[in-house]
Amino acid sequence: MNLPLELVRQQKRIEAAAHEFGLRFFPVIFELVDYRQMNALAAYGGFPTRYPHWRFGMEFQQLSKSYEYGLHRIYEMVINNNPTYAYLLEGNTTVDHKMVMAHVYGHADFFYNNVYFAHTDRKIVDTMANHATRIRRYQERYGLETVERFLDACLSIDDLIDPGAVFRPPKPRRSMDEDAPEPLEPPRLPAKPYLERYVNPPEYLDALREKRRKVREKTKRFPPEPERDVLGFLLHEAPLENWERDILNIVREESYYFLPQRQTKIMNEGWATYWHSTILTQRCLSASELVDYADRHSGALAMAPGRLNPYKLGLELFRDIERRWDRGQFGPEWEACDDMIERAHWDRKLGLGREKIFEVRRLHCDVTLLDEFLTADFCQRMQLFVTEPGKRKGQPVISSRDFQQVKQSLLFQFTNGGSPLIEIVDANFRNRGELLLVHRHVGVDLRIDWAREVLAGMTRIWHRPVRLETIRQGKPVRLGHDGKRPSEEDLDAVTRAEAG
């Protein structure tokens, strides 16, 4: 639905203010939708056209029920595209619409400028529609149930990609059926018998043999190095039909598109919240709207016990960076100061804060932001702490307020977008064509139901049993699936049996 004239005027005013503050973005198109349309869009990830799948219908039903019971209300939805598309909910107040518009311009600026979004498809709306058309054709040709089962398998592993792959050139891929490596015996230079020892020294030849032996030992494994882009490896090496390979590629492309949104949740929401607050309070609110705005804004920043609010944390981090760089609270001189009174009144009046937050917005993701700019002073001021499940009905209780533990806990939540780090280490495990993966355990066990679902999905793609080594309750185990039933081995027991 086209915007009413009043909302068009408000959009122009907010966009002008955003440009005045230095935000840069693709053209932004707003559409007004009712709550059913909004829930449908949310179920499809914000896209008006996407491939058919039962999980989108399930998501729509859950959102609709939640809306009807008053448990949630979607205020804003924005798509990283050129032009940027955003949706306004019909029936919201003018203040709601203005806050959402200003928030969307913050997101649009972040999409346009942040380096982690540089690789993303800026015509993703058209791409998604193309993906939907191709999958519908496969459903018509091979049957709805057949295609949907394979799509289920692909979606069960859609986050097993390599976040660093977008920043480096693709590695040359060696197939399993490539020629054997060079022979162990190194070439010799021609020489008379009495000069042989000097022209081809035995020590040098032995060193070459050892080097080639190590290379051959390494190249026996396939892949030769652990492969983090599991979807990419399966795309090239799994025994798939053409339509299956195309669907797996579709899932992989979309996963890489959504990756930076997982990597920058705190930054993206914090930046958008910073700018909706700045634009509205300094340019686009009347005196009569301030109370309503304050009520909506405070609701967005509310902190539930034991839960992290990315809007609140991101906003406060950007404000803290701006304040510190305005006052000169950084660098060796500041770090060396141990006088608490002097630190409390430290103000070099540098005025570099706004410039610094624009730089941070461009270069960082959540992990690097927290690693570089989270300080003990900030944690104390924000009353951040680490929780653990309590003895009483699992209610969270505070386990630590130590800065290093708080920082490590936050970094752990956002490393790899919050997903477990899984790598392929052997595509010919036990010389039987089985696939072996390893979970890089960093203190939290995998959910076994999740792991078994992933392994079942991968056997559908690999057509051979799949194994996953991990740590469960402090003990190394190897989970597996042969396409029919799951399995579990105690790795310590396996090692003892092999040694005996």
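Above this text is the structure in question.
Summary of the structure given here. On a predicted model such as this, the values are computed, not experimentally measured, just so you know. (Residues numbered from 1 in each chain as written. Predicted model: local features only at pLDDT ≥ 70, side-chain atom pairs only at ≥ 80, totals over all residues. Heavy atoms only, no water.)

Brief notes about the packing of helix 17 (residues 366-373) against helix 19 (residues 403-414)
We count it as follows: Every angle, taken between N-to-C directions, lies between 0 and 180 degrees, and every axis is a line fitted to C-alpha atoms, over only the stretch in contact when it is a helix. Numbering goes from the N terminus for both helices and strands, where a helix is a DSSP run of H or I of at least four residues and a strand is a run of E of at least two. Note that the term roughly parallel is reserved for angles under 35 degrees, roughly antiparallel for angles over 145, roughly perpendicular for angles of 65 to 115, and oblique for everything else. By definition, turning the near helix anticlockwise from the far helix through less than a right angle yields a left-handed crossing, and turning it clockwise yields a right-handed one. Note on definitions: a residue-residue contact is assigned when non-hydrogen atoms from the two residues lie within 4.5 Å. Only Asp, Glu, Lys and Arg are considered charged in this grouping, and only Ala, Val, Leu, Ile, Met, Phe, Trp, Tyr, Cys and Pro are considered nonpolar; every other residue, Gly among them, is considered polar.
With their axes 9 Å apart at the nearest point, helix 17 and helix 19 run at an angle of 165° to one another. Between helix 17 and helix 19, the angle falls in the class roughly antiparallel. For helix 17 against helix 19, the interelement crossing comes out left-handed. Each of Asp-366, Val-367, Leu-370 and Asp-371 in helix 17 lies in contact with helix 19, whose residues at this interface are Lys-407, Leu-410, Leu-411 and Phe-414. Classifying every residue of the contact of helix 17 with helix 19 by side-chain character gives five nonpolar, no polar and three charged.

As for the nonpolar core
Soluble, globular proteins show a tendency: their nonpolar side chains are buried together. Using the following cut-off: Throughout this description, the term nonpolar core refers to a set of buried Ala, Val, Leu, Ile, Met, Phe, Trp, Tyr and Cys residues connected via side-chain atoms within 4.5 Å. Partly exposed describes any residue whose relative accessible area lies between the buried limit of under 20% and the exposed limit of over 50%, with all areas from a 1.4 Å probe on protein chains only and scaled to the type maximum.
One finds Phe-30 and Ile-279 to be the most contacted residues of the largest nonpolar core, which totals 58 residues. With ten residues, helix 4 (residues 94-113) is the largest single contributor of residues to this core. With residues up to four places along the chain from it excluded, the contact list for Phe-30 reads Leu-3, Gln-11, Ala-86, Leu-88, Met-101, Val-104 and Tyr-105. Ranked by size, the runner-up nonpolar core spans 46 residues in total, among them Phe-56, Cys-154, Phe-233 and Val-251.

A look at the sheet that holds strand 3 (residues 84-89)
Going by this rule: Between any two strands, pairing holds if DSSP finds at least two bridges.
As summarised here, the arrangement of the three strands in space is 1-3-2, forming an open sheet in which the pairing is mixed. The open sheet terminates on both sides in strands that have one partner only, identified here as strand 1 (28-33) and strand 2 (77-79). In this sheet, adjacent strand axes meet at a mean angle of 20° when their direction is disregarded. Bridge count between strand 2 and strand 3: three bridges; the pairing is antiparallel. Along strand 3, the bridge assignment pairs Val-78 with Ala-86.

Comments concerning the packing of aromatic side chains
Cut-off, in case you're wondering: Ring pairs are drawn from Phe, Tyr and Trp, using the six-membered ring of Trp, whenever the two centres fall within 6.5 Å, and their geometry is named by plane angle: stacked under 30 degrees, edge-to-face over 60, tilted for the rest.
Tallied over the full model, the rule gives 25 aromatic pairs. Residues Tyr-142 and Trp-243 carry aromatic rings whose centres are separated by 4.9 Å and whose planes lie at 20° to one another, so their mutual orientation is stacked. With Tyr-142 in helix 5 (residues 124-142) and Trp-243 in helix 10 (residues 242-263), this residue pair connects regions lying 101 residues apart in the sequence. The partly exposed category is assigned to Tyr-142, whose relative accessible area is 34%. Taking the centre distance of 6.2 Å and the plane angle of 10° together, the rings of Trp-271 and Tyr-274 count as stacked. Residue Trp-271 and its partner Tyr-274 are located together in helix 11 (residues 265-284), separated by three residues, close to a single helical turn. The same class applies to Trp-271 as to Tyr-274, namely buried.

Observations concerning a nonpolar patch on the surface
Our working definition: Patch building starts from residues that exceed 30% relative accessible area and form no salt bridge, then joins like charges within 9 Å and nonpolar side chains (Val, Leu, Ile, Met, Phe, Trp, Tyr) within 5 Å. Using a 1.4 Å probe, the Shrake-Rupley method yields the accessible areas, and only the shown protein chains count as cover for residues. Whenever a carboxyl oxygen of Asp or Glu lies within 4 Å of a side-chain nitrogen of Lys or Arg, that contact is scored as a salt bridge.
A cluster of nonpolar side chains, contributed by Phe-412, Val-442 and Val-444, occupies part of the molecular surface with about 270 Å² of accessible area. Looking at the element boundaries, Phe-412 is found in helix 19. On the accessibility criterion, Phe-412 (38% relative accessible area) is partly exposed.

Some words on the pattern of salt bridges
In total, this model carries 32 salt bridges according to the counting rule given. A salt bridge links Lys-312 to Glu-316, with the shortest nitrogen-to-oxygen separation between them at 3.1 Å. In this pair, Lys-312 and Glu-316 are both assigned in helix 13 (residues 310-327), four residues apart and thus about one turn of the helix distant. Judged by its relative accessible area of 16%, Glu-316 is buried. Between Glu-489 and Arg-478 there is a salt bridge, with the nearest N and O atoms lying 3.3 Å from each other. In this pair, Glu-489 is assigned in strand 10 (residues 486-490) and Arg-478 in strand 9 (residues 475-481), connecting sequence segments eleven residues apart. In this structure Glu-489 comes out as partly exposed when scored by relative accessible area, which is 22%. On the basis of relative accessibility, which here comes to 8%, the residue Arg-478 falls in the buried class.

The analysis is restricted to geometry; functional conclusions fall outside its scope.
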